Amino acid sequence: MNDYERGEMITVSVRACADETTTEYRDGIDGVAREITLPNRLTVPDTANLTASPEYMPHEDGVRDTFVTLQEFIRDGVTLSMSDTGENYYRGKYQIAAAVFDEREADDVSVMPAGDAPSEEDAGGYWNSGAVATLKGKAAETAMTGDFADSTYTLENIDPAYAGKWLKIALRSVSDSNISSWWSDEDDTTENTVNYQWIRIPRIRVEEPKITEGAASVYYDLTSGNCTLESVPEYVPAVQTELDFKLQSYSDGYRIQRIRKAKESNTDELNAYRYDADWIYLEDDNNGGYNIFCSTSADTPLDIQSDGEEPVCREDETAVFVQNIQAGDTAVLPVKEETVQNILDKPVSTQMILSWTPKEEEKEAYFRLILPDAETIMDYADEANLFTSQASVQAVILGDDPEQERLAGYESSEISSWYRYKPTQIEQATEVTTLYDYSDAVEVQSGVSIEASVWKDTAYKLTEKTADGYSIYQVKILDSDQERVLDLRNLSAYYDISSETNILALKDAVYAQYAGKWISFREARVTEANGGNISRWSDWTVPIVLPKLIVESPEVTETTAQAEYILHRTQGDDVPKQFDARQYSWLCERGIHDKIEGYQIQIGQGEDSFYAEIKRDEDNIWYYTSPTGEQIAVTDTLTLLQTESTVQEGAETYTLSAEVILNLTQTENGWQFTVTVPVQEISVKEENNRLSFTFECNMILEPIPVNDNYETN
């Protein structure tokens, strides 16, 4: 009937036809003819009026409700809604045809071939040619619920693998008493109706990898430091806290965060605490396994050997590749803790371990995360060996581009968080809770300052006034052109509660070499609510130049004192005498002069000058290196030099000798150094003669910095 125009008069008659295989019957006579005027078709629906719920929303970092949960998607599907534009005056329904495509196509008004694409893969030109899947074909005649005024239909059982893809939907109007409309893509081009409505399937949030707590037996060889999960009689057994979580469909991997228990400052200059953190990343290797990466904010770097050819972590530039893991494998991670002495009177370095238990008949695959927390070592328990305050796991979707394929369809899961707490002063307890997301990023305070530090082993000190508590910083060093990253790492700051100040020490060993380079950082806050959490990272700060590292010369005071001289004559005995001497004194104080390794003392000027070096070791014992290379401990008084001046008087030769003496005195905050030298001119009356002796013993003092990156003033 599609070949006839609407309103055209046609004649219809009916005649009975015999079965072609029979010889007993023949066709009947012609029926009575009837003239019929073809009625108009129902109006083709306007596809623009078709909407869907839930509506697709792109990923936006830190924004909630831009997705549905996997359970909601499976339970509720996608509901389509259609409203009448007022052009269909009859009673009827809408029929839909829906297919899934990877990408949205441009709007089209051309006439498409009728029906669905044949099953052959190479069949092109049809409305659903090239579709990932056809959910409802035209032949299925799937009707929406309702009428032309308002209709709905729920697409159920959509494969979650299609999240973020596009629904291509064609419509037509149908009625029991009128001729159906054309499909929206089969009507004449003169109608100029858009063929399809394109609706994006909503994004799905991956399910939470819920943590369950247990305990694991780990066996340690104290000689090699190796460990195993298999019992070895001669190894030391430890029972460590184990956290298990199942693998989750549609995720790209897992982010594991561990917050260590609070650590007190071990310096005299600071009375504060901090939280160190470790990150373990499992990223899909596209070969059935995961690449493991680790990062830390602790002072001790991770013991990982690199040859530069390893995979790169997509989530964290500071993370280093550890190894690949496949189902059934166990990986010893480079995160370890030193236990307190136990019944062996020897500490054990406990390890963090990750083991992948594959799927069995009725048991799903899961990961075993064994923390370095030793609940017992050889049945010996000590609360000090429980090193973790909080650990969390999140199934993640990798990428940061909302239009990227994975992030366009999925959202990282909620966070399963395990933590320790003390319900009483004596008891230890644990809990597992669910965090909707990491807490919002902090704003780096305007009161942040970076200055050269006087602390021992610390090049620079970053301070930030904040009432919000403990922070972890990601510190980036850039070259002079701010184009190349020279160093990037995570560092935990100490928090001084009394002054509400974060204090981050940038160590000499790493940062002294970068004086004059550019520094930028961003911040994450360690929260203690709900068992603990680490916030999202703030934005990077505008780079600033690290100041030069300068060791100031000490303030030297000069006074007069009495010293013993010896007068030598060619005839007669030596005669001791007391004359004036000069004393040069200076202080070396802890917390102020910790960047000074020692001093170079110059006595005299020119080629005849005498040089003496005194340095201290790690135990703050001072040593003098003699001209012969011998190291002599300086405890109180040390003679550095014997100097003399000679006068010829007639036939008699007179020599006046004196000692250059170094004196070291312990003070409340450090040490006081005093160098005693003879005065420049000394007049001696000998019989009827007045002898004048000259000494060139002026002192010049130069501090010796702890390393070559420091300049002296």
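The present account deals with the structure reproduced in this document. Since the structure is predicted, the reported quantities are computational estimates derived from the model, not experimental observations.

Basis of the calculations
- Residues numbered from 1 in each chain as written.
- Predicted model: local features only at pLDDT ≥ 70, side-chain atom pairs only at ≥ 80, totals over all residues.
- Heavy atoms only, no water.
- Helix = DSSP H or I, 4+ residues; strand = E, 2+ residues; numbered from the N terminus.
- Rg over C-alpha atoms; globule rule 2.2 N^0.38 Å.
- Buried < 20%, exposed > 50% of the residue type's maximum accessible area, 1.4 Å probe, protein only.
- Phe/Tyr/Trp six-rings, centres within 6.5 Å; stacked < 30°, edge-to-face > 60°.
- Lys NZ or Arg CZ within 6 Å of the ring centre and 35° of its normal.
- Pairing = 2+ DSSP bridges.
- Axes fitted to C-alpha atoms, helices over the stretch in contact; angles between N-to-C directions.
- Core = buried A, V, L, I, M, F, W, Y, C linked by side-chain atoms within 4.5 Å.
- Salt bridge = Lys/Arg side-chain N within 4 Å of Asp/Glu carboxyl O.
- Polar contact = N/O pair within 3.5 Å; in protein donor to acceptor, adjacent residues only side chain to side chain.
- Contact = heavy atoms within 4.5 Å.
- Disulfide = S-S within 2.5 Å.

### Things to note about the overall build of the chain
For step 1, the next point in the chain: Of the regular secondary structure elements, the chain holds three helices and 52 strands.
For step 2, the next point in the chain: For 713 residues, the compact-globule formula gives about 27 Å, and the C-alpha radius of gyration of the chain, at 43 Å, lies well above that figure.
For step 3, the next point in the chain: Projected onto its principal axes, the C-alpha positions of the chain cover 175 × 65 × 45 Å.
For step 4, the next point in the chain: By residue count, 46% of the 713 residues in the chain fall in the buried class.

### Regarding the packing of aromatic side chains
For step 1, the next point in the chain: In this structure the tally under the stated criterion is 24 aromatic pairs.
For step 2, the next point in the chain: Members of the aromatic cluster, connected to one another through ring pairs, are Phe 245, Tyr 254, Tyr 290, Trp 356 and Phe 367.
For step 3, the next point in the chain: Sitting over the face of the ring of Tyr 436, Arg 205 holds its NZ or CZ atom 4.6 Å from the ring centroid.

### Considering the sheet that holds strand β43 (residues 610-616)
For step 1, the next point in the chain: One open sheet accounts for five strands, arranged β45-β44-β43-β42-β51; its pairing is antiparallel. Taken across any chain shown, the strands that pair with only one partner, and hence form the sheet edges, are β45 (631-633) and β51 (699-705). Strand-to-strand twist in this sheet, taken as the mean axis angle between neighbours without regard to direction, amounts to 25 degrees.
For step 2, the next point in the chain: Direction of pairing for β43 relative to strand β44 (residues 622-625): antiparallel, over a ladder of four bridges. Within the sheet, the bridge partner assigned to Lys 615 lies in β44 and is Tyr 623.

### Digging into the nonpolar core
For step 1, the next point in the chain: Formed by 61 residues in total, the largest nonpolar core has its most connected members in Val 475, Tyr 511, Tyr 565, Ile 601 and Phe 673.
For step 2, the next point in the chain: The element contributing the most residues to this core is strand β47 (residues 652-666), with six residues.

### A closer look at the pattern of salt bridges
Two side chains of opposite charge can pair, provided their charged atoms sit close to one another.
For step 1, the next point in the chain: Under the definition given, this model contains 30 salt bridges.
For step 2, the next point in the chain: Salt-bridge contacts for Asp 76 lead to Arg 75; the nearest nitrogen and oxygen are separated by 2.8 Å.
For step 3, the next point in the chain: With a relative accessible area of 37%, Asp 76 lands in the partly exposed category.
For step 4, the next point in the chain: A residue is classified by how much of its surface remains accessible, and Arg 75, at 58% relative accessible area, is exposed.
For step 5, the next point in the chain: Within the structure, one salt-bridge network assembled from shared partners comprises Arg 258, Arg 260, Asp 278 and Glu 337.

### Observations regarding the side chain of Ser 492
For step 1, the next point in the chain: On the secondary structure map, Ser 492 appears in strand β33 (residues 485-492).
For step 2, the next point in the chain: A polar contact of 2.8 Å, which involves the side chain of Ser 492, links it to the backbone oxygen of Tyr 275.
For step 3, the next point in the chain: Separated by 2.6 Å, the side chains of Ser 492 and Ser 297 make a polar contact.
For step 4, the next point in the chain: Not counting the four nearest positions on each side in its chain, Ser 492 is found in contact with Arg 274, Tyr 275, Asp 276, Ala 277, Ser 297, Ser 471, Ile 472 and Leu 504.

### Focus: the sheet that holds strand β13 (residues 204-205)
For step 1, the next point in the chain: Judged by pairing direction, the sheet is parallel, and its three strands sit side by side in the order β4-β13-β27 without closing on themselves. The sheet is open, and its two edges are formed by β4 (68-69) and β27 (410-411), each paired on a single side.
For step 2, the next point in the chain: The pairing of β13 with β27 spans two bridges and is parallel. In the strand pairing of β27, Arg 205 is matched with Glu 411.

### Some words on the environment of Ile 353
For step 1, the next point in the chain: On the secondary structure map, Ile 353 appears in strand β24 (residues 349-357).
For step 2, the next point in the chain: Ile 353 gets classed as buried once you look at its relative accessible area, which sits at 1%.
For step 3, the next point in the chain: Taking the C-alpha atoms as reference points, Ile 353 and Lys 336, 17 residues apart in sequence, are found 9.5 Å from one another.
For step 4, the next point in the chain: Ignoring any residue separated from it by four or fewer positions in sequence, one finds Ile 353 in contact with Val 218, Cys 227, Leu 229, Thr 330, Ala 331, Val 332, Arg 368, Leu 369 and Ile 370.

### As for the pairing of strand β12 (residues 197-200)
For step 1, the next point in the chain: With burial as the criterion, each face of β12 is covered, one bearing Gln 197 and Ile 199 and the other bearing Trp 198 and Arg 200.
For step 2, the next point in the chain: In the sheet, strand β11 (residues 166-174) pairs with β12 via four bridges, with the strands oriented antiparallel. What sits directly across from Leu 167, in β12, is Ile 199.

### Considering the pairing of strand β41 (residues 575-589)
For step 1, the next point in the chain: With eleven bridges joining them, strand β40 (residues 557-569) and β41 adopt antiparallel strand pairing. Bridging from a neighbouring strand, Thr 559 pairs with Gln 583 of β41.
For step 2, the next point in the chain: Connecting β40 to the next strand, β41, in antiparallel fashion are five residues, including Gly 572 with a positive phi near 105 degrees.
For step 3, the next point in the chain: Pairing of β41 with strand β48 (residues 670-678) involves nine bridges; the strand directions are antiparallel. Opposite Ser 585, over in β48, you have Thr 674 as the bridge partner.

### Re the state of the cysteines
For step 1, the next point in the chain: Going through the model one piece at a time under the given rule, you end up with zero disulfides.
For step 2, the next point in the chain: Cys 313 takes part in no disulfide bond, and the closest cysteine sulfur to it belongs to Cys 294, at a distance of 9.5 Å.
For step 3, the next point in the chain: Of the residues examined, Cys 313 reaches a relative accessible area of 8% and is grouped as buried.

### Brief notes about the environment of Ile 632
For step 1, the next point in the chain: Mapped onto the elements of the fold, Ile 632 is located in strand β45.
For step 2, the next point in the chain: Distance in space between the C-alpha atoms of Ile 632 and Ile 614 is 9.3 Å, their sequence separation being 18 residues.
For step 3, the next point in the chain: When residues no more than four places from it in sequence are discounted, the contact partners of Ile 632 are Trp 622, Tyr 623, Tyr 624, Ser 626 and Leu 638.

### Things to note about unusual backbone geometry
For step 1, the next point in the chain: For the bond running from Ser 53 to Pro 54, omega is 0 degrees, close enough to zero to count as cis.
For step 2, the next point in the chain: Considering the arrangement of structural elements, one finds Pro 54 in the loop between β3 (50-53) and β4.
For step 3, the next point in the chain: Of note, the phi angle at Asn 286 is positive, near 60 degrees, even though the residue is not glycine.
For step 4, the next point in the chain: Its place among the elements puts Asn 286 in the loop between β20 (277-284) and β21 (290-296).
For step 5, the next point in the chain: Notably, Glu 500 is not glycine yet its phi reads approximately 50 degrees, a positive angle.
For step 6, the next point in the chain: Looking at where Glu 500 falls in the secondary structure, it is placed in the loop between β34 (494-496) and β35 (501-507).
For step 7, the next point in the chain: By relative accessible area, which is 39% here, Glu 500 ends up partly exposed.

### Observations concerning the side chain of Ser 151
For step 1, the next point in the chain: Within the fold, Ser 151 resides in strand β10 (residues 150-155).
For step 2, the next point in the chain: For Ser 151, a relative accessible area of 2% corresponds to the buried category.
For step 3, the next point in the chain: Among the polar contacts listed, one links the side chain of Ser 151 to the backbone oxygen of Asp 147, at a separation of 2.5 Å.
For step 4, the next point in the chain: Setting aside chain neighbours within four positions, we find Ser 151 in contact with Leu 80, Ser 81, Met 82, Tyr 94, Met 144, Thr 145 and Gly 146.

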